[in-house]
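Each chain, written out:
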Amino acid sequence: MMKQSIFGRIAQLAKANINSLIDSAEDPQKMLDQMVRDYTENIREAEAAVAQTIGNLRLLEKDHAEDLQEAQQWGSKALAASNKAEEFRGAGKSGEAVKFDNLAKVALQRQIQSETEAKAAEPQIASQTEVVDKLKSGLNTMRGKLQELSAKRDELNARQKTVQAQAQVQDSLKSFDIMDPTSEVSRFEDKIRREEARVAGQQELADSSLDRQFEALEDMGQQTEIEARLAALKAGQGNRDGEKIVSSEEI
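Residues numbered from 1 in each chain as written. Predicted model: local features only at pLDDT ≥ 70, side-chain atom pairs only at ≥ 80, totals over all residues. Heavy atoms only, no water.

Counted under the stated rule, the structure contains one aromatic pair. The positively charged end of Lys77 is found above the aromatic ring belonging to Trp74, 4.3 Å away from the centroid. (Phe/Tyr/Trp six-rings, centres within 6.5 Å; stacked < 30°, edge-to-face > 60°. Lys NZ or Arg CZ within 6 Å of the ring centre and 35° of its normal.)

Together, Asp63, Glu66, Glu70 and Glu117 give the surface a local cluster of negative charge. Among the elements that line the negative patch, the one with the most residues is helix α3 (residues 28–90), at three residues. (Patch = residues over 30% accessible without salt bridge, like charges linked within 9 Å, V, L, I, M, F, W, Y side chains within 5 Å. Areas by Shrake-Rupley, 256 points an atom, 1.4 Å probe, with all protein chains shown as cover. Salt bridge = Lys/Arg side-chain N within 4 Å of Asp/Glu carboxyl O. Lys, Arg positive; Asp, Glu negative; His and termini not counted. Charge placed at Lys NZ, Arg CZ, Asp CG, Glu CD. Helix = DSSP H or I, 4+ residues; strand = E, 2+ residues; numbered from the N terminus.)

Looking at the protein, pLDDT values average 78 and 71% of them are 70 or higher. Every residue in residues 245–251 scores below 50 in pLDDT, and together they form zero contacts with partners more than four places removed in sequence or on other chains. (pLDDT = per-residue confidence, 0-100. Contact = heavy atoms within 4.5 Å.)

Counting 10 residues, the largest nonpolar core consists of Met31, Leu32, Met35, Val36, Tyr39, Ile43, Met142, Leu146, Leu149 and Leu156. When residues of this core are traced back to their parent elements, those giving at least two are α3 and α4 (94–175). If you tally residues by element for this core, the top one is α3, at six residues. When near neighbours in sequence (up to four residues on either side) are disregarded, Val36 contacts Leu146, Leu149, Ser150 and Arg153. Within the second largest apolar cluster, five residues are counted, among which are Leu57, Leu60, Ala121 and Val132. (Core = buried A, V, L, I, M, F, W, Y, C linked by side-chain atoms within 4.5 Å. Buried < 20%, exposed > 50% of the residue type's maximum accessible area, 1.4 Å probe, protein only.)

Our next topic: the pattern of salt bridges. Counted under the stated rule, the structure contains 12 salt bridges. A salt bridge links Asp101 to Arg89; its shortest N-O distance comes to 2.5 Å. A residue pair is termed long-range when its members are at least 10 positions apart, and Asp101 in helix α4 and Arg89 in helix α3 qualify at 12 residues. Arg89 sits in the partly exposed class, given a relative accessible area of 36%. For Lys152, the salt bridge is made with Glu155, and the minimal N-O distance between the two is 3.9 Å. Taken as a pair, Lys152 and Glu155 lie in helix α4 at a separation of three residues, close to a single helical turn. Take Glu155: its relative accessible area is 36%, and that puts it in the partly exposed class. Here the salt bridges share partners, and the residues they tie into one network are Asp33, Arg153 and Asp154.

Another point: the environment of Asn102. Structurally, Asn102 is set in helix α4. For the pair formed by Asn102 and Ala78, sequence separation is 24 residues and the distance between their alpha carbons is 9.3 Å.

Shown next, in the form of structure tokens:
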């Protein structure tokens, strides 16, 4: 039962589709971390169980080899006893011959018993060998899956760090975006532009005032010229009247 349970668990884990599990997980990173822990623990437990199964198989193989060796040894003893019985029979010692024939029979009985035990163990050895081979294959597949999981987890970790770094860079760039009206640089630029506009306005106002002053001066010059011409005109008219008076007195 324990072997079947271990074999079933190994087979289930070995068949797991990592990409499918990642796609269906709400948090792939946590899921991969948990899977790595689960695989590591299951591999550790499976290795201990498979090692025990291999140990049991090696005991069976050792007992089988010992049974075969004992069968061979009992066969040799049976042959030696039978040969000894023939020697005594040739020497006319039938009692001794019968005694060694009986020993040969006992040895043959032991040989048959050892051979029977060895033959009975062979199906179990074959079955255990097949189970051990499958368990070893399953363990190797699990180790491969564990490496795949670890590589996938490391890849996702690296990608996540890259994305975070890119996001930080983008956030930093946004904070220094001079086209962003909410940035400090933009506000400072607006302040400078307003100050420049104020100074330009003052300059324009000053220039306008100066123009009016020159226009006033020109008006004053023109008025002065008019007054001067008027005075000259009056002076000229007075002279002509004087001339007229003198001329009448002379008459």
